[in-house]
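Each chain is listed here by its residues.
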Amino acid sequence: MELKLQKQLFKDIEIDGHRFRVDVKDTSKIEALENWATEQNALSKFGKGSLEDCPALIDKILGDGAFETLFKGYEGSSAQFELCFTLHSIFQDEFLKDQQAKIAEEEKKNLDKIDKLCESMDKFNRTLEYADKRYGGRNAVAKERRSSGKHRR
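These notes cover the structure that comes with them. (Residues numbered from 1 in each chain as written. Predicted model: local features only at pLDDT ≥ 70, side-chain atom pairs only at ≥ 80, totals over all residues. Heavy atoms only, no water.)

**Overview of the packing of helix 1 (residues 27-42) against helix 5 (residues 79-135)**
Phase 1: Remark: helix 1 packs on helix 5, axes separated minimally by 10 Å, with the N-to-C direction vectors making an angle of 125 degrees. Classified by the angle between their axes, helix 1 and helix 5 sit oblique to one another. Relative to helix 5, helix 1 is oriented so that their crossing is left-handed. For the pair helix 1 and helix 5, contact is made by K29, I30, L33, E34, W36, A37 and Q40 and by F81, C84, F85, L87, H88, F91 and Q92, respectively. (Axes fitted to C-alpha atoms, helices over the stretch in contact; angles between N-to-C directions. Helix = DSSP H or I, 4+ residues; strand = E, 2+ residues; numbered from the N terminus. Parallel < 35°, antiparallel > 145°, perpendicular 65-115°, else oblique. Left-handed = near helix turned anticlockwise from the far one by under 90°. Contact = heavy atoms within 4.5 Å.)

**Re helix 1**
Phase 1: Under the 1.5 Å per step criterion, the end-to-end length of helix 1 is 22 Å for 16 residues, consistent within 8% with the ideal 22 Å.
Phase 2: Within helix 1, burial applies to K29, A32, L33, W36, A37 and Q40. Take helix 1 and look down its axis: the buried residues cluster within an arc of 130 degrees, on one side only. Away from its buried face, by an angle of more than 90 degrees, helix 1 presents the exposed residues T27, E31, T38, N41 and A42. (Expected span 1.5 Å × (residues − 1). Buried < 20%, exposed > 50% of the residue type's maximum accessible area, 1.4 Å probe, protein only. Arc of directions from axis to C-beta.)

**So, the pattern of salt bridges**
Phase 1: In total, this model carries five salt bridges according to the counting rule given.
Phase 2: The salt bridge partner of D12 is R21, with a shortest N-O separation of 3.2 Å.
Phase 3: Residue classification places D12 among the partly exposed positions, given a relative accessible area of 44%.
Phase 4: Between K108 and D112 there is a salt bridge whose closest N-O contact spans 3.6 Å. Of this pair, K108 and D112 both sit in helix 5, four residues apart, roughly one helical turn.
Phase 5: Given a relative accessible area of 53%, K108 falls into the exposed group. (Salt bridge = Lys/Arg side-chain N within 4 Å of Asp/Glu carboxyl O.)

Structural data, given as structure tokens:
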């Protein structure tokens, strides 16, 4: 068995005409996004506190100066929060893609097993019907049975 590990996976992300090349397998970026998402879940509502970590996170994920390039003059915009959320989704989807592929493959195997089982049950039923028509299988046993007379009145 040969295993090939994909140590890096670069994705080109274009935002407002600016192109960024991001390694979606970089664990420090994944960790930063997960920490940000956990902090956002802990906040009771959206507000200025939600935007505090966005500039540093955007620079960490997209590269130094990315926040300045994208949000110059719009530092208080909620679009930065949306961008952080979208980046989190991109990384999470890429991380879960392998797991989802394995789950789908396992489900396909299970469905194939169920199909084979259904086919064999169908074949068994056809064999029983044939035997019943040919030899009177089920009815023959019922006709030969006689009452013992034990429960007569």
